[in-house]
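The primary structure of each chain is shown beneath.
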Amino acid sequence: MRYFISFEKLLKRYEMLADSENLFLASKAKKLLDAQKPYPELREGFEDFSLLQEHRDIIDLLLQDSFSEVLTHNEIKAATLAYDNVIFQSSERFQKILREAGPDFKLVIRNQKEEVDYIMAATVILKFYYGAKLDFSRPVYYDIPDAQGVVHQYRILYNADFMEILPTERSLELSEEQIQELLEHPKDLELWQKRIPPDSFVAKGFVIANMFDVTAEHSISEIKSKLIASDKRGSDNFMTDLQETFRSFFKIRDLKVGFVTYNYKENQFAKVYGKGIESYLLNNKELEDCEKALCPGCYERLLEEIDYSVIPDVDKFFERSGGGAPYKALREQGIKSAIFAPIASEGKLLGILEIVSGTKGVLNGVNATKLEDVMPYIVSAVTRSKIEEENLIDAIIQHECTTVHSSVLWKFQQEARRFIVDDMQGMNPAFREIVFKEVYPLYGQIDIKDSSRARNAAIQRDLLIQLAEIKEVLRAAFEEYQLPVYEELMYRVTNHVEEIKEVLHTNSEQAIFDFVKEEVEPVFSHLMKTNKDLAGKIAAYEAKIDAGTESYYDHRRNYDESVMRTNRRMASIIDKRQEDAQRMFPHYFERYKTDGVEHNMYIGDSISEEMAFQPLYLKNLRLWQLQVMCEMENAFYHLKPQLPVQLDVASLILVYNTSLSIRFRMDEKRFDVDGTYNARYEVIKKRIDKSFIKGTDQRLTETGKMCIVYSQKKDEIEYLRYIRFLKSKGYFTDNVEVVELEGLQGVTGLKAIRAEILYQKGNETERTYTYEDLMEELKP
C-alpha cells in the first residue's frame, strides 16, 4: 500500500473550527488555513519525504496544537505513518529519548517483519474497505535503550483521526470465498499480494503515535512470566533473560542476579543447580554455614527478621569488618554494592535473592523497596513444588487476566490446565481467548440526573467565592499602595467573574486556575513579605484553599461526596442481592460506577458449568433485575435528605431478546460482545439514555419512573406482566405508559415502557408514595 502524507483531514478540522463561536479558536484556525493555502500539496498528499523538510515551517505550524509546547517535555509522541518509522514531528521528550539511545540506534517496532508489515496493511484494507469482520488489534512496542544502555519499553497507541484509505485502479473486487481464503492463510504473503496487489490502495494522511514508558510494568510482567514457566533451571536463557529484565527494572546496566537456597535443618546456604544460576554469597562454593557466609548484622536481618540486607558500599563495609563475610567474597568478585532479599513463606526462610552491581551506591535502601513488587512472585516460584498445579494455575490466570468473576472462573481454570499440558509436552503454549456463546444480555443503569449541570454549578460557585476573596485582598492592597497594577488585577478578576456568572464555559476553570497561579499568587507572595495586615488577609484566604486541588473545593467537595455516597449505597444493594441471584442460576455479572451505577449480566448454558439452562432462568433474572432496581431507587431516596447536594436519579433497563457471544479481551482484561452484528447491542447501550420520546422534545428517562427499552412485542408483553405482578407487591402505581422512541444513529424501531415507581418513606412498609408525593413529604 502506498502512503501519501497529507494534512487534508487536519485542515478540514480547522475549517470547522474557523466557523466556531469561540473567536480565539476561529481566528487561529483561519490563520493556519491561510498559511497553508500556498502549499496545496500538503492537502493533496505527497510521497516524496524530502518535502517534509522543505515545508518544515508550515508543518510545524499545522501541528502546533497536536504537539503542545507546554507538554513537549512531558509527552512522548510523534507524527508518523502507522507501523512505520518515518517521523516528521515529535515532542522534545521523544527527541531526547532518541538522542540518548545513540547515533547507531535504529527505531523499529518490536518483532515486526516485512511480510507481517504487508499483511497488516492488507488486513486494515480488508476490514475498512471490504467490510470483513476482523479484530486485529494488538499491543505495539518500541524497545529503546537509554544513555546507560538499559532498554526501556514504550507502548505505542496510534491516533488515526487524520488517516483515510482509498482504492486505486489496481484494486480488485473480492468475493466472500476469497476473503475467507485470505483469513485461512494469514501468513501466505504471495496469496495476500495476489488478492490485494501492491499499490492497489493508498493510505492518505498521517497518524499521531502516543507512547508511554511501561518499563516497570513490563519488567514485572516479564518476571512473572519467567517464574511461571516450567523447567526454569533447565532453560538456557532463563537467567540471562531474567537478569536483563532486572536490569531494566532497576535501570542498572551492570546488575547481576543470583539465588541461594536455605537448608533450615543444617542452617546452611546451598547452591541452586541450574543453567546460568550463580550465587555471589557462596562464591563458587557448594555449601556454606550461614554464620560463616554472613556477618552478625546480615544474619540477624535475613534469617531472624526476614528483612532485606543492603550493602551500598562493599569496600567501606569490608574495611569496617576487617575483611569479614560476606564482604570479602563480594569484593573478590568485583562487587561494589548489593541487596540480599529473603525468600520466605509464612515466616519460613526458603532462600536468598542476590542482586549485585560493580558500581558503588547504585544498589541502596531506597531502590531495595522496588523488590516489594516482585518478591511475592519469587516466593511463589520457590514454593510451587509443594502445590505445583494449584499455584501454577492461579499464577497463569493472574498473569493473563484480571480478577475473574466466580461464575466463569471454571472456564479460565480449564484453559490454564490445557496451558500446562501443552507446556509439559514441549509445545508453545498460549492462553486462548475465552468465549461464551449464545448468552442473553441484561443491562441496567441508575443514572444521576443532570450530573454535568450539578458539577458545573458546584465548580462555578467555588470559583466565584475564590475570585471574590482575591478581589478583597487586591482592593485592600490598592487602598494601601495606590499602585495601578493592583487595580488592573482587580479589573481582570471582575472580568473572570462576569465570564462565569451566568454559565461556566469549558475552558473557564483552567483559565482562572492559570490566572491565579501565574498572576495572583506571585503578588500575594510579595505582599505576605511586606505588609503584616495584608499577610493576615492572605493567610485567611490560603487557609480555605484545598491542598489537593490548589483551589476552593467546598461546593465541589459536597457534590463529589454526594455522588460517592449515592454510588456506594446503590452498589452495595445490587452486590448484596447478587449473592441470591447467583444461587438461583450462575450468570456473569459486572458492575461499575460512573455518575450513577451501571451493570451488565449475561446468562446462558455456556456460562453455567453444571446447571442446564432454561428460558425460565432468563425470565427469573429479568424479574429479579426489575425488582432490585426498584429497591435501589427506594434506597437512594431514603439517602437523599442526608446528602450535601440534593441529586435525583433515573433508571433504565435495556431488553435484548437475541442471544449473542461474549469474548474476554486479553488486551483490555474484560469481557465484550463478540462480532460486528452483536456490537449493535453495545451501540444501543451507549446511546439509549440520551434518546427522546418520538414526536416530542421529552427525554426518555425521568425521575420517579422505571424505563424499560425493547424492540420486540413479546418483550413488551413479558415486562407488562412483570409490572402488574410487582404493582401487586407495592413497587409500581397504575401509571404505566408505552412510548415509541426517536431513532438513534444506526438504531431504529425501539419502544419503551415507563412505569411510575412507588416509594416507601423510612421504616414505613405499608404507606407508599409516588415521586411527587415523596418529594413533597421530604421537604423540610
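Below or above, wherever it landed, is the structure these notes cover. Here the structure is a predicted model, which is why all the values come from computation and not from measurement.

The rules behind the values
- Residue numbers restart at each chain and count upward from 1, following the sequence in its written direction.
- For this predicted model, a pLDDT threshold of at least 70 governs which residues receive local features, and a threshold of 80 or more governs which side-chain atom pairs are given and counted, while totals over whole chains, interfaces and linings are taken from all residues.
- The basis for the side-chain values is all heavy atoms of the structure; hydrogens and waters are excluded.
- The helix and strand labels rest on DSSP assignments: H or I over at least four residues marks a helix, E over at least two residues marks a strand, and numbering proceeds from the N terminus.
- Each residue's exposure class comes from its accessible area (1.4 Å probe, protein chains only) as a fraction of the maximum for that residue type: buried when under 20%, exposed when over 50%, partly exposed otherwise.
- Think of it this way: DSSP has to see at least two bridges between two strands before they count as a pair.
- Note on definitions: angles span 0 to 180 degrees between N-to-C directions of axes, and those axes are lines fitted to C-alpha atoms, for helices only across the stretch in contact.
- Contacts: residue pairs with any heavy atoms within 4.5 Å of one another.
- Space inside and on the surface of the protein is sampled on a 1 Å grid over the protein atoms alone, with a cavity defined as a set of points where a 1.4 Å probe fits but cannot get out and a pocket as an open set with protein on both sides within 12 Å along at least 5 of 7 lines; lining residues have an atom within 4 Å of a point.
- Grid points are joined across faces, edges and corners, and a volume is the space filled by probe spheres set on the points.
- In this count, Pro and Cys sit with the nonpolar residues alongside Ala, Val, Leu, Ile, Met, Phe, Trp and Tyr, while Asp, Glu, Lys and Arg are called charged and the others, Gly among them, polar.
- Note on ring pairs: Phe, Tyr and Trp rings are taken, using the six-membered ring of Trp, and paired if centres are within 6.5 Å. Classes follow the plane angle, with under 30 degrees stacked, over 60 edge-to-face and the rest tilted.
- Each patch is built from residues lacking any salt bridge and having more than 30% relative accessible area; the joining distance is 9 Å for like charges and 5 Å for nonpolar side chains (Val, Leu, Ile, Met, Phe, Trp, Tyr).
- In short, Shrake-Rupley with a 1.4 Å probe defines the accessible areas, and a residue's cover is counted only from the protein chains shown.
- The salt bridge criterion pairs a side-chain nitrogen of Lys or Arg with a carboxyl oxygen of Asp or Glu, the two atoms within 4 Å.
- Between N or O atoms, a polar contact is any pair within 3.5 Å; within protein, one atom must be a potential hydrogen donor and the other a potential acceptor, and residues adjacent in sequence are included only when both atoms are from side chains.
- Directions drawn from the helix axis to the C-beta atoms are what define this arc.
- Note that His is not counted, nor are the chain ends; the positive residues are Lys and Arg, and the negative ones are Asp and Glu.
- Where a charge lies is defined by one atom per residue type, namely NZ (Lys), CZ (Arg), CG (Asp) and CD (Glu).
- Angle categories are assigned with fixed cut-offs, so that under 35 degrees is roughly parallel, over 145 is roughly antiparallel, 65 to 115 is roughly perpendicular, and the rest are oblique.
- In this scheme the crossing of two helices becomes right-handed for a clockwise turn of the near helix relative to the far one and left-handed for an anticlockwise turn of less than a right angle.

Turning our eyes to something else, we now look at the environment of Arg-680. Take Arg-680: it is sitting in helix H25 (residues 679–687). On the basis of relative accessible area, Arg-680 is assigned to the partly exposed category, the value being 30%. Counting along the chain gives 67 residues from Arg-680 to Val-747, while the straight-line C-alpha distance between them is 8.0 Å.

Here we have six strands laid out as an open sheet, ordered E11-E10-E9-E14-E13-E12, and antiparallel in their pairing. The open sheet has two edge strands with one neighbour each: strand E11 (287–289) and strand E12 (309–311). When the angles between neighbouring strand axes are averaged without regard to direction, this sheet yields 25 degrees. Relative to strand E10 (residues 268–271), strand E9 (residues 256–263) is paired through four bridges, and the arrangement is antiparallel. Each bridged residue has a counterpart across the sheet, and for Tyr-262 the counterpart in E10 is Phe-269. Helix H11 (residues 238–250) rests against E9, strand E13 (337–345) and strand E14 (348–357) of the sheet, and its axis sits at about 115 degrees to E9.

Before going further, it helps to examine empty space enclosed by the protein. One pass over the full model with this rule turns up one cavity of 30 Å³ or more. Taken as a whole, the largest cavity holds about 60 Å³ of empty space. Lining the largest cavity are Met-1, Tyr-118, Ala-121, Ala-122, Ile-125, Ile-196, Pro-197, Pro-198, Asp-199, Ser-200 and Phe-201. When residues of the lining of the largest cavity are assigned to their parent elements, the largest contribution, four residues, is made by helix H7 (residues 114–128). Across the lining of the largest cavity, the residue classes break down as nine nonpolar, one polar and one charged.

The subject of this paragraph is the packing of aromatic side chains. Here the structure, examined in full by the defined rule, presents 22 aromatic pairs. Geometrically, the ring pair formed by Phe-162 and Phe-206 is stacked, given 5.3 Å between the ring centres and 20 degrees between the ring planes. Of this pair, Phe-162 sits in the loop between strand E5 (151–159) and strand E6 (163–167) while Phe-206 sits in the loop between strand E7 (201–205) and strand E8 (207–213), and the two are 44 residues apart along the sequence. Here Phe-162 and Phe-206 have matching classes, each one buried.

Moving on, we get to the pairing of strand E18 (residues 588–594). Bridge count between E18 and strand E19 (residues 596–603): seven bridges; the pairing is antiparallel. Bridge pairing links Tyr-592 to Glu-598 in E19. Where E18 hands over to E19, the hairpin turn is made up of one residue, counted between the paired strands.

Before going further, it helps to spend a moment on a nonpolar patch on the surface. On the surface, a cluster of nonpolar side chains totalling about 240 Å² of accessible area is made up of Tyr-481, Leu-483 and Val-485. You can see Leu-483 is positioned in the loop between helix H19 (451–481) and helix H20 (484–501).

Cis geometry is found at the peptide bond from Ala-325 to Pro-326, where omega equals 0 degrees. If you trace the backbone, Pro-326 turns up in the loop between helix H14 (314–321) and helix H15 (327–332). Non-glycine residue Asn-267 carries a positive phi angle of around 50 degrees. With respect to the helices, strands and loops of the structure, Asn-267 is situated in the loop between E9 and E10.

Structurally, His-152 is set in strand E5. According to the relative accessible area criterion, His-152 is buried, its value standing at 7%. A polar side-chain atom of His-152 sits 3.0 Å from a polar atom in the side chain of Asp-146.

This part covers helix H6 (residues 92–101). All buried positions along H6 are accounted for by Phe-94, Ile-97 and Ala-101. Seen end-on, H6 carries its buried residues on one side only, within an arc spanning 55 degrees. Positive backbone phi, at 105 degrees, marks Gly-102, one or two positions downstream of H6.

Before going further, it helps to examine a negative patch on the surface. A contiguous patch of negative charge, built from Glu-300, Glu-304, Glu-305 and Asp-307, is present on the exposed surface. Along the polypeptide, Glu-304 turns up in helix H13 (residues 296–304). On the basis of relative accessibility, which here comes to 55%, the residue Glu-304 falls in the exposed class.

Attention now moves to the packing of helix H23 (residues 555–584) against helix H24 (residues 615–639). Remark: H23 packs on H24, axes separated minimally by 10 Å, with the N-to-C direction vectors making an angle of 155 degrees. Regarding the angle of H23 to H24, the classification is roughly antiparallel. At the point where H23 passes H24, the crossing takes the right-handed sense. Counting all contacts with H23, which are made through Arg-565, Thr-566, Arg-569, Met-570, Ile-573, Ile-574, Arg-577, Gln-578, Ala-581 and Met-584, the residues of H24 involved are Tyr-617, Asn-620, Leu-621, Trp-624, Val-628, Glu-631, Met-632, Ala-635, Phe-636 and Leu-639. The residue inventory of the contact of H23 with H24, partitioned by class, reads 13 nonpolar, three polar and four charged.

Turning our eyes to something else, we now look at the sheet that holds E6. The three strands lie next to each other as E1-E7-E6, forming an open sheet whose pairing is mixed. Single-partner strands in this sheet number two, and they are strand E1 (2–5) and E6. Within this sheet the neighbouring strands show an average axis-to-axis angle of 25 degrees, counted without direction.

Take the pairing of E10 next. Counting the residues that bridge the hairpin from E9 to E10 gives four residues, and of these Asn-267 lies at a positive phi of roughly 50 degrees. Note: E10 against E11, three bridges, orientation antiparallel. Looking at E11, one finds that Ala-270 is bridged to Leu-287.

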